[in-house]
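Understanding the architecture of this molecule
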Amino acid sequence: MPSEKTVYQPNPALSKIAYVSSLNQYQEMYQRSIDNPEDFWGEIAKQFHWETPIDINKFFRYNFDVTKGPIFTKWLDGATTNISYNLLDRNVRNGNGDKVAFYWEGNHPDDYSRLTYKKLLEEVCRLSNVLKSKGVQKGDRVAVYMPMILEAVVTILACARIGAVHSLVFAGFSADSFAERILDCEARVLITSDGVWRGEKLLQLKNICDQSMARCAQKGHNVETCIVVSHLQRVTAPNGTQIKTNKTPMQEGRDVWWHEVVPQASTSCYPEWMQAEDPLFMLYTSGSTGKPKGVLHTTGGYLLYAATTFKYVFDYHPNDVYWCTADIGWITGHTYVVYGPLANAATSVLYEGTPFYPDNDRFWEVVSKYKVSQFYTAPTAIRALMKFDDSLVKKHDLSTLKVLGSVGEPINPEAWLWYYRLVGHEKCSIVDTFWQTETGGHVLTPLPGACPMKPGAASFPFFGVQPVLLDESGKEIKGEGEGYLVFSRPWPGLMRTLYNNHDRYESTYFAKFPGYYCTGDGARRDADGYLWVTGRVDDMLNVSGHLMSTAEVESVLTEHHGVAEAAVVARPHPVKGECLYCFISTTDTAHFDDKLLKDLKQLVRERIGPFAQPDVIQDAPALPKTRSGKIMRRILRKIAVNDRDVGDISTLADSAVVEQLFSARPANA
Ligand code: 6R9
């Protein structure tokens, strides 16, 4: 395996045509972005349309220090614009009207279509008009629960056009999770589809939405309009038959079919001019204490940041075809399926299915079908695909690839090398992009034409980003070392607040180290100045790139009447990165048996979603606790991996518990 000394140089042919072609050039640009942000971002802002021009005196203001007053970040305050105008009308005016914005590739290889910029603009205007006719106004939240179909993009941009705040929820979350999010943002309009095939599995999305809406109604909140895309009848079902959707229940007065209202609407809709600091969208992410956090992004800064990171990190050039496999319901789908590519008039692939259907080479087949030049996926997908025979990759022509991206969790060197050698033929640059829902776009990443690569290193900050490593006492670690990864100033794409909860925003991200935005991740700086993200330093887990908190899973487990107490830890998993290992103490009357196990797994699926299902649940008559009653998770993590090197256990109230738990590890653990 390569050590951190092993460095892979970018392909000279790639560097030659790249926007940034050397480390020197990167460093110069970076320094300018730090020394003179007005100049750096002002230059970029010129390519976009501002209805009210930018006021240089109000270009950039912020406070990151809780001891000095409320935390805030403002970019381009006072300027007005509209993102959908910039992504669509502007591109159509610039001669890109007939350019393909998206190639849509269905779950079944027989299903595909495309949408040009001009057509996308028309569809967005139509839906905008429908939303307006349903009473949606600037600032209203619209809940979205959609598969990877073109209407999802149309929905996002229609909201942006009329100034409504879209709130997408990944269509793998359960009805309960979705309901909780609808309630939190008080959305009165919901957009979904009847269902979707993922591989050979049918997901009945409208049914899930019905359950969510019913739950909301119980809590006194009524969704007034639900727009439903009829998707299933137009696609090929896995067994080759078409399935009809006449079973989808529609509630009179509330539910409407997309195809019955959208095609009739006018194809022009004047955009709502938004303040640069007006909300654009919210997106929920897990918090380490239970309730999800509604991360809020605003208009002007997010546009600049999505556009700029996309251009430089993927080195996107006008004739390239770009493909990001992330679901639209995650931040990666927002910034790098929709906003970033469209801001650059890019042509993208939007893929509905899984990497494994109809066969385990589907990704490579799609890359060669569309001659993809930039491919962006997650380490968990790479690790899953590595297991199959190399011939599945080799039989496809992947020669168009130039840049390979990775996102969602640290990429292990084995996976990095497989990606580099087998998929990239040692001529593509790998960009290991570290960022978060909160950061809006990439914050640490190599640039493909400029940066010598080290497998597993997120490398260097993007323009405008100032990373700092701090020790526990808040002292800065200069040079080599490991510590808390924080940022000392905002870049344009940083979230502005948590929806309806600015206090939680301040306490979660700014309270620990006054003056810094705290990521919750740890990082190490090596002798060459490369940054290596080491993973979460809080109680968060990352299962296949899905972030969740131990607290949220524990609270679901303890909902069950048979569970007295639960403690959840992350355990390394060869494909998922991490998986859930749960310890539960049953109540006096309950029995730890197969039925309980099944019920608990089902409960987690229902409350959170299938991706959160625990891998192991262990019977724990007692948990290792300190005398003050704190569960020592450090010890539970050792038990989960069967590592008896548990260190100091002298602070435990009862140290015999540790041995009991080791010897009672379940057979499947
Ligand atoms: C974009 C996204 C954020 C958390 C983040 C970190 C982990 C993401 C990473 C990475 C190491 C990378 N993470 N990318 N860790 N290297 N390249 O994933 O957003 O869902 O909010 O997750 O994911 O732990 O804090 P989000």
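Further up the page is the structure itself.
Scope of this entry: the structure provided in the associated data block. (Residues numbered from 1 in each chain as written. Predicted model: local features only at pLDDT ≥ 70, side-chain atom pairs only at ≥ 80, totals over all residues. Heavy atoms only, no water.)

1. As for the site of the ligand
Neighbouring the ligand are 17 residues, the closest being Asp-432, Thr-433, Thr-437, Asp-521 and Arg-536. Within the side chain of Gln-436, a nitrogen or oxygen atom sits 2.9 Å from an oxygen atom of the ligand. In the model, an oxygen atom of the ligand is placed 2.6 Å from a nitrogen or oxygen of the Thr-437 side chain. In isolation the ligand exposes 530 Å². Once the protein is present, 96% of that is buried. Only helix 11 (331-343), strand 20 (429-433) and strand 25 (531-536) provide two or more residues apiece to the shell around the ligand. When its residues are assigned to classes, the shell around the ligand shows seven nonpolar, six polar and four charged. (Near = heavy atom within 4 Å. Polar contact = N/O pair within 3.5 Å; in protein donor to acceptor, adjacent residues only side chain to side chain. Areas by Shrake-Rupley, 256 points an atom, 1.4 Å probe, with all protein chains shown as cover. Helix = DSSP H or I, 4+ residues; strand = E, 2+ residues; numbered from the N terminus. Nonpolar A, V, L, I, M, F, W, Y, C, P; charged D, E, K, R; others polar.)

2. Comments concerning the nonpolar core
If you look at the biggest cluster of nonpolar residues, it comprises 129 residues, and the most contacted ones within it are Leu-120, Leu-127, Leu-131, Leu-157, Tyr-339, Leu-342 and Phe-463. With ten residues, helix 6 (residues 150-162) is the single largest residue contributor to this core. Residues in contact with Leu-342, not counting those within four places in the same chain, are Leu-87, Asn-91, Ala-101, Phe-102, Tyr-117, Leu-120, Val-153 and Leu-157. Judged by nonpolar contacts, the second largest core, of 47 residues, contains Val-165, Phe-178, Leu-190 and Tyr-284. (Core = buried A, V, L, I, M, F, W, Y, C linked by side-chain atoms within 4.5 Å. Buried < 20%, exposed > 50% of the residue type's maximum accessible area, 1.4 Å probe, protein only. Contact = heavy atoms within 4.5 Å.)

3. As for the pattern of salt bridges
Going through the model one piece at a time under the given rule, you end up with 39 salt bridges. The closest approach of N and O atoms between Arg-215 and Asp-176, which form a salt bridge, is 3.6 Å. Here Arg-215 is found in helix 8 (residues 205-218), whereas its partner Asp-176 is found in helix 7 (residues 175-185), with 39 residues between them in sequence. When its relative accessible area of 15% is taken as the criterion, Asp-176 is described as buried. Residue Lys-625 pairs with Glu-565 through a salt bridge whose shortest N-O separation is 2.9 Å. Here Lys-625, found in the loop between strand 30 (616-619) and helix 19 (633-640), pairs with Glu-565, found in strand 28 (residues 563-573); they are 60 residues apart in sequence, far enough to count as distant. Among the residues examined, Lys-625 registers a relative accessible area of 24% and is labelled partly exposed. A residue is classified by how much of its surface remains accessible, and Glu-565, at 26% relative accessible area, is partly exposed. Beyond isolated ion pairs, a larger network of salt bridges with shared partners links Asp-176, Arg-215, Glu-559 and Arg-607. (Salt bridge = Lys/Arg side-chain N within 4 Å of Asp/Glu carboxyl O.)

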